[in-house]
Amino acid sequence: MADSSLDIVAESKNRMQWWKDAKFGMFIHWGVYSLLGKGEWVMYADKIPVKEYEKLAGEFNPTQFDAKAWVKCAKRAGMKYIVITAKHHDGFAMYHSRTDPFNIVDASSFGRDPLKELSEACREEGIRLCFYYSHVIDWHHPHALHDTFNNLWDYELEKKAFFSYWNHKAKGQVRELLTEYGPVGLLWFDTSGGLSKKESEAMVNMIRELQPDCLINSRVSHWPDFGDYQSKGNNEIPMYGEETREWETPMTLNQSWGYSTKDQVWKSTDALIRKLVHIVSKGGNLLLNVGPTETGIIPEQSALRLKEVGEWLARNGEAVYGTSASPFPYELEWGAVTVKEDILFLHVYNRYWPEGELALNGVRNTVKHAYLLTDPTTSSLPVHQSYQPETDHHAMRIRLPKHPPEDHVSVIALEVEGK
Ligand code: H79
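Residues numbered from 1 in each chain as written. Predicted model: local features only at pLDDT ≥ 70, side-chain atom pairs only at ≥ 80, totals over all residues.

Chemist: Can you break down the site of the ligand residue by residue, with the values?
Modeler: If you check the shell around the ligand, you find His29, Glu40, Trp41, Ala45, Thr148, Asp190, Thr191, Asn234, Pro250 and Trp257 and nothing else. Tallied by class, residues from the shell around the ligand come to four nonpolar, four polar and two charged. (Near = placed C-beta within 6 Å. Nonpolar A, V, L, I, M, F, W, Y, C, P; charged D, E, K, R; others polar.)

Chemist: Outline the nonpolar core, supporting the account with residue identities and numerical values.
Modeler: The nonpolar side chains of a soluble globular protein tend to be buried, and buried together. Core analysis: the largest hydrophobic core is formed by 105 residues, its most contacted members being Ile82, Val83, Cys130, Phe131, Leu187 and Leu346. For this core, the two domains that each supply at least three residues are domain 1 (2-319) and domain 2 (335-416). (Core = buried A, V, L, I, M, F, W, Y, C linked by C-beta atoms within 7 Å. Buried ≥ 20, exposed ≤ 12 C-beta atoms within 10 Å, placed from the backbone. Domains from an automatic or database assignment.)

Chemist: Give me the lowdown on the sheet that holds strand β11 (residues 357-359), citing residues and values where you can.
Modeler: In spatial order, the strands read β11-β14-β13; together these three strands make up an open sheet with antiparallel pairing. The two strands at the open ends of the sheet, each matched to only one other strand, are β11 and β13 (383-388). Each strand of the sheet is rotated relative to its neighbour by a mean of 20°, with strand direction disregarded. Sheet topology places β11 next to strand β14 (residues 393-399); three bridges connect them, and they run antiparallel. Within the sheet, the bridge partner assigned to leucine 358 lies in β14 and is isoleucine 398. (Pairing = 2+ DSSP bridges. Helix = DSSP H or I, 4+ residues; strand = E, 2+ residues; numbered from the N terminus. Axes fitted to C-alpha atoms, helices over the stretch in contact; angles between N-to-C directions.)

Chemist: Account for the sheet that holds strand β9 (residues 335-340), with residues named and values stated.
Modeler: Within the open sheet, the four strands sit side by side as β9-β10-β15-β12. Their pairing is antiparallel. Two strands bound the open sheet, and with one partner strand each, they are β9 and β12 (367-372). Within the sheet, the average angular offset between the axes of one strand and its neighbour, ignoring direction, is 20°. Judged from the six bridges that link them, β9 and strand β10 (residues 343-349) form a sheet pairing that is antiparallel. Bridge pairing in β10 places alanine 336 opposite histidine 347.

Chemist: Summarise the environment of valine 411; cite the residues concerned and give the values.
Modeler: By the element assignment, valine 411 lies in strand β15 (residues 409-416). Accessibility expressed as a C-beta count within 10 Å gives 23 for valine 411, which makes it buried. Sequence separation between valine 411 and valine 277 is 134 residues, and the spatial gap between their C-alpha atoms is 10 Å. Non-local contacts of valine 411, meaning those with residues more than four positions away in its chain, are made with Asn316, Ala319, Phe345, Leu346, His347 and Leu373. (Contact = placed C-beta atoms within 7 Å.)

Chemist: Break down unusual backbone geometry for me, with residues and values.
Modeler: The omega torsion across tryptophan 223 and proline 224 is 5°, close enough to zero to call that bond cis. Among the secondary structure elements, proline 224 is positioned in the loop between β5 (215-216) and β6 (230-231). Its identity as a non-glycine residue notwithstanding, histidine 222 has a phi of 60°, on the positive side. Here histidine 222 lies in the loop between β5 and β6.

Chemist: How would you summarise the packing of helix α4 (residues 67-76) against helix α6 (residues 114-125) if you had to cite specific residues and measurements?
Modeler: Working note: a packed helix pair is described by the angle between its axes plus the distance between those axes. As a packed pair, α4 and α6 sit with axes 8 Å apart at the nearest point and diverge in direction by 45°. Here α4 lies oblique to α6, going by the angle between them. Every pair of crossing elements has a handedness; the one defined by α4 and α6 is right-handed. Of α6, the residues touching α4 (which contributes Ala67, Lys68, Trp70, Val71, Lys72 and Lys75) are Pro114, Glu117, Leu118, Glu120, Ala121, Cys122 and Glu125. Residue composition of the contact of α4 with α6, grouped by class: seven nonpolar, no polar and six charged. (Parallel < 35°, antiparallel > 145°, perpendicular 65-115°, else oblique. Left-handed = near helix turned anticlockwise from the far one by under 90°.)

Chemist: Tell me about the environment of alanine 325, residues and numbers included.
Modeler: If you trace the backbone, alanine 325 turns up in the loop between α10 (300-316) and β9. Given 19 C-beta atoms within a 10 Å radius, alanine 325 is considered partly exposed. For the pair alanine 325 and glycine 283, spaced 42 residues apart in sequence, the C-alpha separation works out to 4.3 Å. Residues contacting alanine 325, with those up to four places away along its chain left out, are Ser281, Lys282 and Gly283.

Chemist: Give a description of helix α9 (residues 269-281) that names residues and reports values.
Modeler: Helix length check: α9 (13 residues) gives 18 Å between terminal C-alpha atoms against 18 Å at 1.5 Å per residue, within 8%. Downstream of α9 by one or two residues, glycine 283 has phi in the positive range, about 90°. (Expected span 1.5 Å × (residues − 1).)

Chemist: Which residues make up the packing of α9 against α10, and what values do they have?
Modeler: At a minimum axis separation of 9 Å, α9 and α10 run at an interaxial angle of 50°. Between α9 and α10, the crossing angle belongs to the class labelled oblique. Pair α9 / α10 crosses with right-handed handedness. Contact with α9, carried on its side by Thr269, Leu272, Ile273 and Leu276, involves Arg305, Glu308, Val309 and Trp312 of α10 and no other residues of that element. Its residues assigned to classes, the contact of α9 with α10 shows five nonpolar, one polar and two charged.

Chemist: Help me get a handle on the domain arrangement of the protein, residues and values and all.
Modeler: Parsing the protein into structural domains produces domain 1 (2-319) and domain 2 (335-416). For domain 1 and domain 2, the distance between their C-alpha centroids amounts to 38 Å. Facing the 13 residues of domain 1 at the interface are 13 residues of domain 2. Of all the elements in the fold, those that place two or more residues in the side of domain 1 that touches domain 2 are α9 and α10. Considering every element that reaches the side of domain 1 that touches domain 2, the biggest residue donor is α9, with eight residues. Among the residues making up the side of domain 1 that touches domain 2, the classes are represented as five nonpolar, four polar and four charged.

Chemist: Give a detailed account of the confidence of the model for the protein, specifying residues and quantitative values.
Modeler: Chain-level statistics for the protein give a pLDDT mean of 94 and a share of 95% at 70 or above. Here the predicted complex scores 0.96 on pTM and 0.95 on ipTM. (pLDDT = per-residue confidence, 0-100.)

Chemist: So what's going on with the pairing of strand β8 (residues 285-290)? Which residues, and what values?
Modeler: For β8, the tally of buried residues reaches six of six residues, placing the bulk of the element in the interior. On β8, burial covers both faces: Asn285, Leu287 and Asn289 on one face and Leu286, Leu288 and Val290 on the other are all buried. With five bridges joining them, strand β1 (residues 24-28) and β8 adopt parallel strand pairing. Pairing of phenylalanine 24 across the sheet is with leucine 286, part of β8. One crossover worth recording links strand β7 (residues 247-252) to the parallel β8 by way of α9, and it is right-handed. (Right-handed = clockwise from strand over helix to strand, strands pointing away.)

Next up, the structure:
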């Protein structure tokens, strides 16, 4: 018994490795709701009847959609995987579902399967394709859960009706996604609405059977018994040392997931790079969202920021990808730390660039070489280390150039003796 549970942990570690190294993924919220430019909850918020929404679906025709352009946009941003809404709460499948006709091929004017096109583009570019699937909330199905406040499982009768949705549409569509689109990096479930342990387990077992390497996020329900890693709350970053398992922060670029014409509260490129570095220094991944328009375009404000983050990553990615969390279990006033083998990467936020020297206490190892990451050959930064045996205190000061050498965040690499 003990042995087999160890096997499960080992198996999970293996399938997690690509994701742990990747650090940065693109979330895409795209669907019929994009037509209205009021976010993905518009059907619920504006109380649009199912029949009306079906008419809207009929008009959905994203003629500008270009899978290659999206994948290139993600890749240029330094993102290693894409998680797209295969079906959001509106119940509309963004792929050719044979399980339910309310899908982009059978019920819209578009007639193409964007997920098929994305799976091909991702394969060509070496990006992992992953699917968001709203497994419990489905406003198009009469017997699914329709809001987050009612807990369907309180009502025996409704529970019975729910299975006509769950067994046929939910499980049927997840099966399709895992059999028709090649290897799926992960399935991203959302809002489980009190799903029973038995039903969750049946879903998880089906996924493991169809694609053993496909990861499952915690919102499938009953985390940590099910799921490979924890999706934190939307835009939530935990404290240092708070998490014992793998985790991610799903984050918006403005304040919406689905396309919004009104919302222009954009995070700056500078803030985004700091958030990425901060999350990675705590051992997490950043899943950063874009909400393409009804024609299939990633909004300019989003694309611009992603391009700039990508430019920073192209120069500093060594200190991000494949690293592990900071050994310092607290916030540092000047930035954040990541580690790879015998190198500590000090990500110094330019806005907090210290004058003259950077102080970092608690490093026991001797520093062999300190340098600016983007200038390893010509620069060597003077380091002063000291030790106070009475207090067992290791102090270190690193001499810095007057100005930060990079835009946004400048990385200092410390090669240390031992690990
Ligand atoms: O897919 C995105 C969201 O649609 C979904 N998860 C992310 C990743 C989600 N976010 N929050 N919720 C689901 C919970 C529901 C929040 C609500 Fe509301 C508050 C529903 C009604 C009040 C926000 C405000 C949405 C409509 C009005």
